[in-house]
Amino acid sequence: QVRPVESGGGSVQAGGSLRLSCAASGIIFSINGMGWYCQAPGKQRALVARITGGITDYADSVKGRFTISRDNAKNTVYLQMTSLKTEDTAVYYCNVQVWTGVMSYDYWGQGTQVTVSS
């Protein structure tokens, strides 16, 4: 069973930085993509950033402020968040997409809270 586990969330003032990490255990097939999604109260879960191979994709709202990176040897994905804004406050979820050679499966972490205060 693939199990992504996030860490690194917390509370920070606007303009500050946080680094999220997500380590995926139980991987027996190849990982296709890894990414971060966020969900604020009353809103749907939305893409923050994703990395597939060496290709990265970011939500417009975080471009230039957040950086996603991946350590393939450790099955770990990171999200460096800088210049944080109050609107970045949300629960951040790690997503791991596993490719079996036949089908693709998505696995989600339990989420980590990020709170940005003014």
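This text follows the structure it describes.
Computed from a predicted model, the values in this text were never measured in an experiment.

### Examining the environment of Gln97
And then number 1: Its location among the elements puts Gln97 in strand S9 (residues 90-99).
And then number 2: In the structure, Gln97 is positioned 62 residues away from Gly35 in sequence and 8.6 Å away in space, judged by C-alpha atoms.
And then number 3: If we skip the residues at most four places from it in the chain, Gln97 touches Ser30, Ile31, Asn32, Gly33, Arg50, Ser104, Tyr105 and Asp106.

### So, the sheet that holds strand S1 (residues 3-7)
Strand pairing in a sheet takes place through backbone hydrogen bonds and is either antiparallel or parallel in direction.
And then number 1: Sheet architecture is open: four strands sit in the order S1-S3-S8-S7, paired in antiparallel fashion. Each having just a single partner strand, S1 and strand S7 (66-71) make up the two edges of the open sheet. Going across the sheet, the axis of each strand differs from the next one's by a mean of 15 degrees, ignoring polarity.
And then number 2: Looking at chain direction, S1 and strand S3 (residues 18-25) are connected through five bridges and run antiparallel. Bridging from a neighbouring strand, Ser7 pairs with Ser21 of S3.

### What to know about the side chain of Arg50
And then number 1: Mapped onto the secondary structure, Arg50 falls in strand S5 (residues 46-52).
And then number 2: At 4.5 Å, Asp106 is the nearest oppositely charged side chain to Arg50, a buried residue that forms no salt bridge.
And then number 3: At 2.8 Å, the side chain of Arg50 forms a polar contact with the side chain of Asn95.
And then number 4: Setting aside its immediate chain neighbours within four residues, Arg50 contacts Gly33, Met34, Gly35, Tyr37, Ile55, Thr56, Asp57, Ile68, Asn95, Gln97 and Asp106.

Cut-offs applied
Residues numbered from 1 in each chain as written. Predicted model: local features only at pLDDT ≥ 70, side-chain atom pairs only at ≥ 80, totals over all residues. Heavy atoms only, no water. Helix = DSSP H or I, 4+ residues; strand = E, 2+ residues; numbered from the N terminus. Contact = heavy atoms within 4.5 Å. Pairing = 2+ DSSP bridges. Axes fitted to C-alpha atoms, helices over the stretch in contact; angles between N-to-C directions. Buried < 20%, exposed > 50% of the residue type's maximum accessible area, 1.4 Å probe, protein only. Lys, Arg positive; Asp, Glu negative; His and termini not counted. Salt bridge = Lys/Arg side-chain N within 4 Å of Asp/Glu carboxyl O. Polar contact = N/O pair within 3.5 Å; in protein donor to acceptor, adjacent residues only side chain to side chain.

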